[in-house]
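# Understanding the architecture of this molecule
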Amino acid sequence: MKYTPEQITELLEEVNNAIQLGYYPKFEQIKQLTEIVQQQAKQLSEAWKAYDNLKAEMEALGSEMGCIKASQETE
């Protein structure tokens, strides 16, 4: 299940209120928070992979541009 930022904020407020009142958060709340953390960890991992791929492509393009410029200078 995907959670909106508003749902996450509401859930965190509910858990925080329970803790402040001396209660343990409900099992369902803990389960939802665990799902959120897992989803965000997966999204972050995917974002880092995309970043690494883009960085590698940019470096390869930079190398190609260097070769092109070098060949143009020798002509």
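About the thresholds
Residues numbered from 1 in each chain as written. Predicted model: local features only at pLDDT ≥ 70, side-chain atom pairs only at ≥ 80, totals over all residues. Heavy atoms only, no water. Helix = DSSP H or I, 4+ residues; strand = E, 2+ residues; numbered from the N terminus. Rg over C-alpha atoms; globule rule 2.2 N^0.38 Å. Buried < 20%, exposed > 50% of the residue type's maximum accessible area, 1.4 Å probe, protein only. Areas by Shrake-Rupley, 256 points an atom, 1.4 Å probe, with all protein chains shown as cover. Lys, Arg positive; Asp, Glu negative; His and termini not counted. Charge placed at Lys NZ, Arg CZ, Asp CG, Glu CD. Patch = residues over 30% accessible without salt bridge, like charges linked within 9 Å, V, L, I, M, F, W, Y side chains within 5 Å. Salt bridge = Lys/Arg side-chain N within 4 Å of Asp/Glu carboxyl O. Core = buried A, V, L, I, M, F, W, Y, C linked by side-chain atoms within 4.5 Å. Contact = heavy atoms within 4.5 Å. Phe/Tyr/Trp six-rings, centres within 6.5 Å; stacked < 30°, edge-to-face > 60°. Expected span 1.5 Å × (residues − 1). Arc of directions from axis to C-beta.

## Section: the overall build of the protein
In terms of regular secondary structure, the protein is built from two helices and zero strands. The C-alpha atoms of the protein give a radius of gyration of 24 Å, which is well past the 11 Å a tight globule of 75 residues would have. The buried share of the protein, reckoned over its 75 residues, is 11%. For the protein, the exposed surface amounts to about 6,600 Å²; the carbon and sulfur share of it is 59%. Charged side chains in the protein number 7 positive and 13 negative. The centres of these two groups are separated by 6 Å.

## Digging into a nonpolar patch on the surface
On the surface, a cluster of nonpolar side chains totalling about 350 Å² of accessible area is made up of L44, W48 and Y51. With respect to the helices, strands and loops of the structure, Y51 is situated in helix α2 (residues 27–74). By relative accessible area, which is 43% here, Y51 ends up partly exposed.

## Some remarks on the nonpolar core
One broad rule of soluble globular proteins: the nonpolar side chains tend to lie buried together. Formed by Y3, I8, L11, V15, L33 and I36, the largest nonpolar core amounts to six residues. Going through the elements one at a time, α1 (5–20) and α2 are the ones with two or more residues in this core. By residue number, the principal contributor to this core is α1, which donates three residues. Non-local contacts of I36, meaning those with residues more than four positions away in its chain, are made with Y3, I8 and L11.

## What to know about the packing of aromatic side chains
Aromatic ring pairs are reported here in terms of the distance separating the ring centres and the angle at which the planes meet. Per the counting criterion, the structure on display carries one aromatic pair. Relative to Y51, the ring of W48 lies with its centre 5.5 Å away and its plane at 90 degrees, an arrangement referred to as edge-to-face. With W48 and Y51 both in helix α2 and three residues apart, the pair spans about one turn of that helix.

## Structural notes on α2
Along its 48 residues, α2 runs 71 Å from first to last C-alpha, staying within 8% of the 70 Å computed at 1.5 Å per residue. Buried-residue contacts for α2 involve α1.

## Observations concerning α1
The end-to-end C-alpha separation of α1 is 22 Å, in line with the 22 Å expected for 16 residues at 1.5 Å each. Along α1, the residues that are buried comprise I8, L11, V15 and A18. Mapping the buried residues of α1 onto a view down its axis gives an arc of 95 degrees, with all of them on the same face. α1 presents P5, E6 and Q20 as exposed residues on the side facing more than 90 degrees away from its buried surface. Next to the buried residues of α1 lie α2. G22 lies just past α1 and shows a positive phi near 90 degrees.

Structural measurements only, silent on function.
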